[in-house]
Amino acid sequence: MLDLIIVGAGTAGLSAAIYATRAGLSTLVIERAMYGGQITVSPEVDNYPGIPHTSGAELAQGMYQQAEDLGAQFAFETVESVEEEGGLYTVRTDAGTHTAPALILATGAQNRPLGLAEEQRFTGRGVSYCATCDGMFFKGRPVAVVGGGNTALEDAEVLAGICSTVYLVHRRDQFRGEHAQVERLRTHANVEFVLDSVVTALEGEDKLQAAVVENRKTGEVRRLEVDGLFVAVGQIPQNQPFAHLAETDAQGYLKAGEDCRTSRPGLFAAGDGRTKTVRQLVTAAADGAVAALGAAEYLRSR
Ligand SMILES: Cc1cc2nc3c(=O)[nH]c(=O)nc-3n(C[C@H](O)[C@H](O)[C@H](O)COP(=O)(O)OP(=O)(O)OC[C@H]3O[C@@H](n4cnc5c(N)ncnc54)[C@H](O)[C@@H]3O)c2cc1C
């Protein structure tokens, strides 16, 4: 009989598996794709403490190996639904059913893409979804940020301190983000607002060299010569199969505080899929540890 099921083998799920097995819990990790989660597509990771330079794939491989060596079991299946009855969680996948008295949801989030033809090809080669992660790779070079919410405004602010020029491309002439932040951005000489405009194409050979933008009101087409394009048009938490189990916020993130406990006993949320302000590897790994130790304590106290 399993003690714990973890859904998702990204950073949060693998960290949870390491802590849970070390706490003596019989643990199954269910993952629908390759282990490692979002970070596996990133060729450069320079902000994980203690590892000055690595790739996402290498980092994921290390975490997976560590969890497996400690005795975590893995099932590469897609979780389709979860039900809880009498304190037992039944997890149905495309391959079968698993049950355990405690469950950690670590299914992360996906960045909303712009939907451009070349977007995937340039991801990691100029196109990024995280200014905090990748901004330094574009030091002294021109970049563009796409979006009109707080994330886009914050990204533009961060990049203004690093990059030579920051074009802030937004499809409307008003921002959804904070007015004060917009006003602060206007004080940066190297930030140019490109409003009422959408990116229609990405150009480059091996790496991004330009973003083509079109003004939706005038039809004017402009080619922005940029080395980096930061897409900040929102994230989609991957919580659809579990949303009925616990409270979520308006965007669909599972509501849980720093203790990773959801509104349902025995159900924990860890990593990018829970309500939080900083979605990074280090915070996902921290959540995994907290959720696993929380699950161990929950099982002891039952
Ligand atoms: C391109 C890119 C670069 C980044 N660079 C950095 C960086 O340099 N530094 C940094 O700190 N952060 C970086 N990040 C952010 C970082 O990757 C995330 O914060 C982190 O991956 C979150 O981990 P997680 O485990 O919560 O979620 P995820 O990594 O999203 O993992 C969730 C896992 O759950 C699985 N899953 C989802 N639904 C199901 C289901 N129904 N059934 C089974 N499995 C399921 C998914 O397949 C996935 O493997 C980057 C993100 C991206 C996209």
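Structure first, text after, so check above.
Residues numbered from 1 in each chain as written. Predicted model: local features only at pLDDT ≥ 70, side-chain atom pairs only at ≥ 80, totals over all residues. Heavy atoms only, no water.

**Description of the overall build of the protein**
Looking only at helices and strands, one finds seven helices and 18 strands in the protein. Whereas a compact globule of 302 residues would reach a radius of gyration of roughly 19 Å, the protein reaches 21 Å, a difference of no more than 12%. C-alpha extents for the protein along the principal axes are approximately 65 × 35 × 35 Å. Put simply, the protein has 302 residues, and 50% of those count as buried. Of the contacts formed within the protein by residues at least 6 apart in sequence, a portion of 57% connects residues at least 24 apart. Working note: accessible area of the protein is about 14,200 Å², and carbon and sulfur atoms make up 48% of it. Measuring between centres, the 26 positive side-chain charges of the protein sit 4 Å from its 38 negative side-chain charges. (Helix = DSSP H or I, 4+ residues; strand = E, 2+ residues; numbered from the N terminus. Rg over C-alpha atoms; globule rule 2.2 N^0.38 Å. Buried < 20%, exposed > 50% of the residue type's maximum accessible area, 1.4 Å probe, protein only. Contact = heavy atoms within 4.5 Å. Areas by Shrake-Rupley, 256 points an atom, 1.4 Å probe, with all protein chains shown as cover. Lys, Arg positive; Asp, Glu negative; His and termini not counted. Charge placed at Lys NZ, Arg CZ, Asp CG, Glu CD.)

**Things to note about helix α1 (residues 11–22)**
In this model, α1 (twelve residues) spans 17 Å end to end at C-alpha, consistent with the 16 Å of a helix rising 1.5 Å per residue. With ten of twelve residues buried, α1 lies mostly within the body of the structure. When we look at burial in α1, the residues that qualify are Thr-11, Ala-12, Gly-13, Leu-14, Ser-15, Ala-16, Ala-17, Ile-18, Ala-20 and Thr-21. Taken together, the buried residues of α1 touch β1 (4–7), β2 (27–30), α2 (56–69), β3 (73–75), β7 (102–105) and α7 (281–301). Looking one or two places after α1, you find Gly-24, whose phi comes out positive at around 90°. (Expected span 1.5 Å × (residues − 1).)

**A few points about the pattern of salt bridges**
Two side chains of opposite charge can pair, provided their charged atoms sit close to one another. According to the stated counting rule, one finds 15 salt bridges in the structure shown. Glu-84 is the partner of Arg-264 in a salt bridge, and the nearest nitrogen-oxygen pair spans 2.5 Å. Of this pair, Arg-264 sits in the loop between β17 (235–237) and β18 (267–269) while Glu-84 sits in strand β4 (residues 79–85), placing them 180 residues apart in sequence. Salt bridges sharing partners connect three or more residues here, namely Glu-258, Arg-274, Lys-276 and Asp-287. (Salt bridge = Lys/Arg side-chain N within 4 Å of Asp/Glu carboxyl O.)

**Concerning the sheet that holds β18**
The five strands lie next to each other as β3-β2-β1-β7-β18, forming an open sheet whose pairing is parallel. Bordering the open sheet on either side are β3 and β18, each of which pairs with just one other strand. Along the sheet, successive strands turn relative to each other by an average axial angle of 20°, direction set aside. Of the strand pairs in this sheet, β7 and β18 are connected by three bridges, and their pairing is parallel. Paired with Leu-105 across the strands is Ala-269, a residue of β18. Lying on the sheet, α7 is in contact with β1, β7 and β18; it crosses β7 at an angle near 165°. (Pairing = 2+ DSSP bridges. Axes fitted to C-alpha atoms, helices over the stretch in contact; angles between N-to-C directions.)

**Some thoughts on the environment of Ala-296**
Here Ala-296 is to be found in helix α7. For the pair Ala-296 and Ala-250, spaced 46 residues apart in the sequence, the C-alpha separation amounts to 30 Å. Once residues lying within four places of it in the same chain are set aside, the contact partners of Ala-296 are Ala-23 and Leu-25.

**Regarding the site of the ligand**
Taken together, 30 residues lie near the ligand, and Glu-31, Gln-38, Asn-47, Asp-272 and Leu-281 sit nearest. The separation between an oxygen atom of the ligand and a polar side-chain atom of Gln-38 is 2.9 Å. Those elements that provide at least two residues to the shell around the ligand are α1, β8 (109–111) and α7. Its residues placed into classes, the shell around the ligand shows twelve nonpolar, 13 polar and five charged. (Near = heavy atom within 4 Å. Polar contact = N/O pair within 3.5 Å; in protein donor to acceptor, adjacent residues only side chain to side chain. Nonpolar A, V, L, I, M, F, W, Y, C, P; charged D, E, K, R; others polar.)

**Points about the environment of Leu-59**
In this structure, Leu-59 sits in helix α2. In sequence terms Leu-59 and Phe-76 are 17 residues apart; their C-alpha atoms lie 19 Å from each other. Leave out the neighbours within four places in its chain, and Leu-59 touches Tyr-48, Ile-51, Thr-54 and Leu-281.

The values are spatial; any link to function lies outside them.
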